[in-house]
Amino acid sequence: MGVKQDNADPGQILPPIEQELSNELDPKLKKYLRGEGTNLEVLKDKKLKSQLSVREELYGISAKAAAKAEEWLMPSEGGYLEVEGIEKPWRINQHSISSEINISSLKNQHDIIIPDLGPYTLDFNSSGRYMAVAGRKGHLAVLDMKNMSLIKEMQVRETVRDIVFLHNELFFAAAQKKYPYIYNRDGIELHCLKEHGSVLRLQFLKSHFLLASINKFGQLHYQDVTMGEMIGNIRTGLGRSDVMQVNPFNGVVALGHSGGTVSMWKPTSAAPLVKMLCHPGPVSAMAFHPNGHLMATSGKERKIKIWDVRKFEVLQTIPGHARALDFSQKGLLAAGNGSFVQIFGDLSESQHYSRYMGHSMVKGYQIGKVLFRPYEDVLVLGHSMGWSSILIPGSGEPNFDTWVANPYETSKQRREKEVRSLLDKLPSETIMLNPSKIGTMRPVNKKEKQTKQEIAAEMEAAVEAVKDTAFKNKTKGRNKASKRAKKRKELIERVKRPLLERQLKEDEKLAKKPKISEKENALPTALQRFASKKATA
Amino acid sequence: MKVKVISRSTDEFTRERSQDLQRVFRNFDPNLRPQEKAIEYVRALNAAKLEKIFARPFIGAMDGHIDAVSCMAKNPNYLKGIFSGSMDGDIRLWDMASRRTVCQFPGHQGAVRGLAASTDGRTLVSCGTDCTVRLWNVPVATIVESDDSSNCTAEPLAVYSGNNAFWDVDHQWDGELFATAGAQVDIWNHNRSQPINSFEWGTDTVISVRFNPGEPNLLATSASDRSITLYDLRVSSPARKLIMRTKTNSIAWNPMEPMNFTAANEDCNCYSYDARKLDEAKCVHKDHVSAVMDIDFSPTGREFVTGSYDRTVRIFQYNGGHSREIYHTKRMQRVFCVKFSCDASYIISGSDDTNLRLWKAKASEQLGVLLPRERKRHEYHEAVKNRYKHLPEVKRIVRHRHLPKPIYKAASLRRTMTEAEGGKKKEGKLIVLQEVLPLNHYVKEESSKKLSELWHYQLL
């Protein structure tokens, strides 16, 4: 009864302060509602309608509670950069920021210069606390970014092309000269993955526990790291490609090819899900927005394009080179080119990206990888002389969820999380372009079958069209009546034949699949006795 | 220029002392959780599998009778006790927790056919084929002590004899009267040795009798002429008679919706009726393969348990559908009586093999006091399983029950028979005798008064 009263007067009883708050909450509610509510008017079944309306109400209540929690319970606030007067945000450099922010954040602005060991690539674990770096000349290291301490470093004395963390900071995979290897945090080599071959890029799908790799010959391998099973072994047929990214929204692996096409793959099929032509020249870099709707690609023709992945349409084209691209958690796009990195943001929330900030390094440092650090306002650049970390206000998600990723994780929590994520491990069949289709009904495709009358009408029409053709009047005794009649008959048969053949084919099909047609033509059980009567009559 | 960068102080996010709990921060943003539906699906699958792993419904058997258990009665005031009567005249009071006999009530010379406890739980009424009705004092002291060593026997308060064998007895819910079923329906008072009232409609024996929980003057009986009759004590006459195609073995009223009752029939089905409108059954519950012998509703009114001649106990939902659960054991023979315990957690079945068996109502339920975290996890598992239970993989696991071979074969035989007749057997007959025989029965009206006028209370 109390609940009913609440719903009856939503706005009248609230004091004015709370009313303001409820107005503010409405746009936030949308985020938590996960789509539109169902249309219950179409339902004729009253019981189902009442059950569904109760459930919809529950969704509304939970969305409201989540919006309120966001309003009141979040411990941290996001970063921001506000310029005054005629200042432009992209003219502001790291030096001028450093004098304004608090001292504890200054440790995130640093350059590590290791000149001899080649261009560096890097990877973060899901909470942003640990970073794995790999120099091309064989230098592997795992660092704790919170305490700025080195956990383990080693020299494998081979070229290392890529490095990824697996589900934890305890394990990482390095793509070495001949095969990728999996190492422990203590530097112990755990596995040598010979099947993958000479891998160019590695990616880890976190919820599926799949290690995806693309090798020199353009072969895509998916390996399940829990049991070591090779799930997918796909020959892409599109040549060597250096660009590989995972779409975090649906677990699809996207490859960028030298023809300018981007192809998207899933482990269970040999053909790509999508092949889209993005650039006239080779694709040089690619990045996915965490919400799964946006993709940024850059081509060698000096254009960066922002795509809507659901509709496969270009939203925006930005002029400029980019050898490395990355989206942050809040939607900022970093494009690294030469020794300069440009950060774009959709400042007016209109999905239009404009220049936000920039950072240029010493000339000669070639930026190979840009990566935003999760849950921090930090961008780390891996370049030919080491790596640098710069501050980009407003790029990271300020409030983390302990059950999703916890930067302050203890070892006990990490172990629990590992077990729980293994229990929630998704099977590889759940990788699809639109993951919200799981649990929904497949729509029945109704083939438009011609009724018997329609078929008969078609045949009659064809015969009518041909019936009255005038034959040539033959002379010299060749114009016999019987011969004329025979000729007319043959003409009509000739016209009828394709229609009859088509009918025969459909009948054969029906005979082969009796069950499906039965299902499609099933009447409600109460009326089935009439159906059988119809057949006999 | 105003600049702010995310900065977190470690003190705010970690615990102070090692005796504190770890801090938990939540952010419900859907963007942080990709692939929610897939994860929920995997969790539903795991929840279904876990449910099957922990499904151990059989708790124990209560051994003691030396002949088949024919009837049982619940004590409304004492949750742990159950009365049972057997075919050799032995009546026992059991303590379900220790599964021992607390008290024995010897006295009947023949089979005990019916047992009922009075509303205050002090008096037990029993009737049997030796044409007697006996009243017993239920010893409250021994119930409370539940002493294992002493096995007390009680003397009957009163023995009333009649002319014919009695088949069933039921006590009024809020009154002093009890009714026996035999050659006719007799209404007795505790203190009178002769029935104060007798009803008869037809010449056949009345097999079972049940008082309505909401309306204390209404009772339903079933007779061996395949009928169900409703009697009203205030007008001292039968009100409605409903004749079916096969005999009804037992009737149970829904304690939460007292206008509905469900009848356990010989033709393997249970029929739910609204007592105000006996024209057609509200629901037919089909799943047993042999005659349904007894039926009892859960105190929640949402499900009922049936025991059948085919050696199984099934739990059905009150408003239709197939049985939610089936219980069977190699050692359990023909089930003659079933009872749902008063806290809706347990089921007691009495069967031909002289044992009473205690089962859990929810097979994978964790008994005992649950920690709040455990309870939340169970609720989450239930909810996520219900959301995805229509998908084939989850459905297969949730539906799966091991059936004994004879039951499996009998059920598939029944299915092929009904399919061969082209749908529901009865609907064929329905066309011919539409006006006279709706579904399985026809209704006779004795009193002109509308049955709906007999209901005086508000239904919430």
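Because the structure is a prediction, the values reported are computed rather than measured.

A.B. asks: Please clarify how unusual backbone geometry should be interpreted in this entry.
C.D. replies: A negative phi holds for most residues other than glycine; trans holds for most peptide bonds. One non-glycine residue with positive phi stands out, namely F209 of chain A, at about 60 degrees. Within the secondary structure, F209 of chain A sits in the loop between β11 (199-205) and β12 (210-215). With relative accessibility at 2%, the residue F209 of chain A sits in the buried group. Despite not being glycine, R226 of chain B shows a phi value in the positive range, around 65 degrees. Inspection of the secondary structure assignment puts R226 of chain B in the loop between β17 (218-223) and β18 (227-232). In this structure R226 of chain B comes out as partly exposed when scored by relative accessible area, which is 38%.

A.B. asks: What is the right way to look at the sheet that holds β11 of chain A in this model?
C.D. replies: Consider a sheet: its strands pair through backbone hydrogen bonds, and that pairing is either parallel or antiparallel. All names here are of chain A. Judged by pairing direction, the sheet is antiparallel, and its 4 strands sit side by side in the order β11-β12-β13-β14 without closing on themselves. The open sheet has two edge strands with one neighbour each: β11 and β14 (230-235). This sheet shows a mean twist of 15 degrees between the axes of neighbouring strands, independent of strand direction. Note that strand β13 (residues 219-224) and β14 share 5 bridges and pair antiparallel. Residue pairing for β14: H221 is matched across the bridge by N233.

A.B. asks: What's the story with helix α8 (residues 481-512) of chain A in this structure? I'm lost.
C.D. replies: Along an α-helix, residues three or four positions apart point the same way, because every turn accommodates 3.6 residues. All names here are of chain A. In a regular helix each residue adds 1.5 Å, so 32 residues correspond to 46 Å; α8 covers 46 Å between its end C-alpha atoms and thus fits that length. The sharpest bend along α8 reaches about 35 degrees and sits at R497, with the proline P498 one to four residues further on. Along α8, the residues that are buried comprise L491, I492 and L499. Buried residues in α8 make contact with α7 (452-467).

A.B. asks: How do you make sense of the sheet that holds strand β9 (residues 180-184) of chain A when you look at a structure like this?
C.D. replies: All names here are of chain A. Within the open sheet, the 4 strands sit side by side as β7-β8-β9-β10. Their pairing is antiparallel. Edge positions in the sheet fall to β7 (160-165) and β10 (189-192), since each has one partner strand and no second. Neighbour-to-neighbour, the strand axes of this sheet turn through a mean angle of 20 degrees, independent of strand direction. With 3 bridges joining them, β9 and β10 adopt antiparallel strand pairing. Within β10, the position partnered with I182 by the bridge is H191.

A.B. asks: Whenever I open this one, the UniProt feature "repeat: WD" (unreviewed entry) in chain A confuses me. Can you help?
C.D. replies: Cross-referencing UniProt, the feature "repeat: WD" (unreviewed entry) maps to residues 276-317 of chain A in the present numbering. As a span, residues 276-317 of chain A carries 0% helix and 60% strand, and end to end its C-alpha atoms are 16 Å apart.

A.B. asks: Would you take a moment to explain the pattern of salt bridges for this structure?
C.D. replies: Opposite charge on two side chains permits them to pair, given that their charged atoms come into close proximity. Taken as a whole and judged by the stated rule, the model has 33 salt bridges over all chains. Residue E51 of chain B pairs with K385 of chain B through a salt bridge whose shortest N-O separation is 3.0 Å. In this pair, E51 of chain B is assigned in helix α2 (residues 36-53) and K385 of chain B in helix α4 (residues 372-387), connecting sequence segments 334 residues apart. A salt bridge links R234 of chain B to E215 of chain B; the shortest N-O distance between them is 3.2 Å. Separated by 19 residues along the polypeptide, R234 of chain B in the loop between β18 and β19 (237-243) and E215 of chain B in the loop between β16 (206-211) and β17 bring together distant segments of the chain. By relative accessible area, R234 of chain B is classed as partly exposed at 37%. Connected via shared salt-bridge partners are K146 and E376 of chain A together with R8 of chain B.

Cut-offs and rules
- Residues numbered from 1 in each chain as written.
- Chains lettered and ligands numbered in written order.
- Predicted model: local features only at pLDDT ≥ 70, side-chain atom pairs only at ≥ 80, totals over all residues.
- Heavy atoms only, no water.
- Helix = DSSP H or I, 4+ residues; strand = E, 2+ residues; numbered from the N terminus.
- Buried < 20%, exposed > 50% of the residue type's maximum accessible area, 1.4 Å probe, protein only.
- Pairing = 2+ DSSP bridges.
- Axes fitted to C-alpha atoms, helices over the stretch in contact; angles between N-to-C directions.
- Expected span 1.5 Å × (residues − 1).
- Bend = angle between axes of the 7 residues up to and from the residue.
- Contact = heavy atoms within 4.5 Å.
- UniProt positions renumbered as here; feature names shortened; annotations may be inferred.
- Salt bridge = Lys/Arg side-chain N within 4 Å of Asp/Glu carboxyl O.

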